[in-house]
Amino acid sequence: MTKQRRPHILVTGAAGALAQRVINQLRDHCDLVAVDFREQVYLGDDIPSYCIDFTKRVFEDLFRRYEFDGVIHLGRIQSSQLTRMRRYNANVLGTQKLLDLSHKYGIKRVVVLSTYHVYGAVAYNPALIDESAPLKAAGLSADLVDSVELENLANIYLWRYPELNITILRPCNIVGPGVRNTMSSLLSSDNAPVLAGFSPMMQFIHIDDMADAIVRAYKKPVRGVFNVAPEDWVAYQHALKLCGCRRIPIPSIPPVVPNLILKTLKLKSFPSYLTAFFKYPVVIDGRAFAREFDFKPKRPLKEIFRFYRENKRPV
Amino acid sequence: MSLASYLKSKLIPADINEHINRIRKPIGSLGYDPWGYNNEVMKYGFSLTRQIYEKYFRVEALGVENVPAEGPVLIIANHSGQLPIDGLLVGYALASREQQPRIPRAMIERFFPTVPWLGNLLNEFGAVLGDPVNCAKMLANNEAVIVFPEGVRGSGKLYRDRYQLKRFGNGFMHLAMKYKAPIVPVGVVGCEETIPAIANIKPLAKALGIPYAPVAMPVVLPAKVHLNFGPPMYFDDLEIPEELVTERVEQVKAEISRLIDKGLSERKKLF
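Quick caveat: nothing in here was measured; it's all calculated off a predicted structure.

Asks: Talk me through the sheet that holds strand S3 (residues 105-108) of chain B; I want residue IDs and the actual numbers.
Replies: Residue and element names in this part refer to chain B. One open sheet holds the 7 strands; their spatial order is S1-S9-S6-S2-S5-S3-S4, and the pairing between them is mixed. Pairing within the sheet leaves two strands with one partner each, and these edge strands are strand S1 (60-62) and strand S4 (128-129). Pairing between S3 and S4: 2 bridges, direction parallel. Within the sheet, the bridge partner assigned to Ile-108 lies in S4 and is Leu-129.

Structure representation (structure tokens):
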């Protein structure tokens, strides 16, 4: 009698804290292979880990060698990392290669991590944006084009190759221990810039809850695009206050002034192309995902902010 | 006692604190809802509006019990007076009523979210960007929503056009039908006299990116305001052509016109 084969899963973005949380949740029941565009990380003897550019030919060897059943694509280079060109190559061309190989090698389940940034922060945004809303981010800044194109690409494959069972997740701000994105570095800093007179509503999800959401999504092969956000909201400046950050106001009108200041300062945690997100709200509706995947975040906002208050500048 | 809590105890009387808490708005763990409403800030707003409502405009509200105690409802009123004072007063009338008060949401002009401080403050008081998606989601959330279908056509009109209803948009009727929300018409009398404008400098408004630039005295006059809430109007959700929807909108407009005439006949003096 043959032993039932454990699912083989490729997890991208392995150097990130989120991927490592996902790997830890899955490693007992699945055979995982971790890859990252940026660096090679050690994840234990049982998990092969590679530093690979997805656009290179050797990437295909992993598909031949490990016979994957599923792909969890978390390796999106964030808009604060690398140059625009390299990010475009990694996010758009890299993802295209990944999806092509997934199709060629008969992958049955693909989960792609996107971001709520794709909706774009504009003054006329309604609250509780649902998945069918237009993606306005590309019109805001060329630095967000790759995020939108990654989504479009995944969407094309979603409909063209239904057997891939692609699910695209658009989470709100992922924060918590180990997270290195712009929002997390703002919350963990002593002084955080704000646009004077603007405190948009924001949503935050704890990294453990997000890992849980990804694992749930992977386990239930429902195709589609889903927002992932808890049903709790807070104004940006209030969140900073709860994290013990001193708020440094930047003049906000006319709009060229903050852009000019931020372009000059070149703050990594408050880049000029994300200015709009600190001015206008992008509140997404995560209820469809919660219903479909029976998902309920466990960590309340107060707990998330307490962590940042008590761990200024985490190692 | 910290300065903040001392000020709070002075500015927010205990009865207001309890009154707002009793309404139990659906909010998250930090007191906000998705549109930015904040329970604590609302208490300050309520306390300040009470003074404006009772002492400055000496509002007389009739028929406020016509707004159902629960479920989605659209409160449709005439718009006037350059600033959205009418929305504030209609909202306060409903939030302060003795029996089953509700904190309604006012749909505001698209220009407000771009104004620093003011945009956020209006959101915290429950005002929401006037977008059909917002209105639909709020009705689905069983909210009472105040809509001025005239929009800036109404609020920006000149003193010589006072109490003449401008064109009503049809959007509110579509939403009322889709979400089976009753419509409570309101006739607002008095706000036309708060900031009488004699002209509108259109090029200046365009240059500043604001809806209108009225020529008016830089004060808000203490006109006495009469609010007349009419009985709720119900419309079925049948698929009907747009011209029939317009007919229904005209019915609401006629009712508001009747309520305005009622208020004008009840009014004894302007101030």
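Asks: Describe the interface of chain A and chain B, listing the residues and the values that go with them.
Replies: Interfaces are frequently sized by the accessible area removed from exposure as the parts join. Taken together, the contact pairs 23 residues of chain A with 19 residues of chain B. At the level of secondary structure, the elements contributing two or more residues to the side of chain A that touches chain B comprise strand S12 (234-235) and helix H11 (301-310) of chain A. Class assignment of the residues belonging to the side of chain A that touches chain B gives a composition of 16 nonpolar, 4 polar and 3 charged.

Asks: Before we move on, could you go through the pairing of strand S5 (residues 144-147) of chain B and cite the residues and values that matter?
Replies: Residue and element names in this part refer to chain B. Of the two faces of S5, both are covered, the one formed by Ala-144 and Ile-146 as well as the one formed by Val-145 and Val-147. In this structure, strand S2 (residues 73-77) lies alongside S5, joined through 4 bridges in parallel fashion. Opposite Val-73, over in S5, you have Ala-144 as the bridge partner. The sheet contact formed by S3 and S5 spans 2 bridges and is parallel.

Asks: How would you summarise the environment of B:Ala176 if you had to cite specific residues and measurements?
Replies: Residues and elements named next belong to chain B. Mapped onto the elements of the fold, Ala-176 is located in helix H8 (residues 171-178). For the pair Ala-176 and Ala-136, spaced 40 residues apart in sequence, the C-alpha to C-alpha distance is 9.0 Å. Setting aside residues up to four positions removed in sequence, Ala-176 forms contacts with Leu-74, Ala-181, Ile-183 and Phe-235.

Asks: Residues and numbers for the UniProt feature "domain: Phospholipid/glycerol acyltransferase" (unreviewed entry) in chain B, please.
Replies: Residues annotated by UniProt as "domain: Phospholipid/glycerol acyltransferase" (unreviewed entry) correspond here to residues 73-191 of chain B. Secondary structure content for residues 73-191 of chain B is 33% helix and 18% strand, while the C-alpha to C-alpha distance between its ends is 23 Å.

Asks: Account for the packing of helix H3 (residues 84-104) of chain A against helix H5 (residues 145-160) of chain A, with residues named and values stated.
Replies: Residues and elements named next belong to chain A. Between H3 and H5, whose axes approach to 9 Å, the crossing angle comes to 10°. Considering the angle they form, H3 stands roughly parallel to H5. Residue-level contacts link Arg-87, Tyr-88, Asn-91, Val-92, Thr-95, Gln-96 and Leu-99 of H3 to Asp-146, Glu-149, Leu-150, Leu-153, Ala-154 and Tyr-157 of H5.

What counts, and where the lines are drawn
Residues numbered from 1 in each chain as written. Chains lettered and ligands numbered in written order. Predicted model: local features only at pLDDT ≥ 70, side-chain atom pairs only at ≥ 80, totals over all residues. Pairing = 2+ DSSP bridges. Helix = DSSP H or I, 4+ residues; strand = E, 2+ residues; numbered from the N terminus. Contact = placed C-beta atoms within 7 Å. Nonpolar A, V, L, I, M, F, W, Y, C, P; charged D, E, K, R; others polar. Buried ≥ 20, exposed ≤ 12 C-beta atoms within 10 Å, placed from the backbone. UniProt positions renumbered as here; feature names shortened; annotations may be inferred. Axes fitted to C-alpha atoms, helices over the stretch in contact; angles between N-to-C directions. Parallel < 35°, antiparallel > 145°, perpendicular 65-115°, else oblique.

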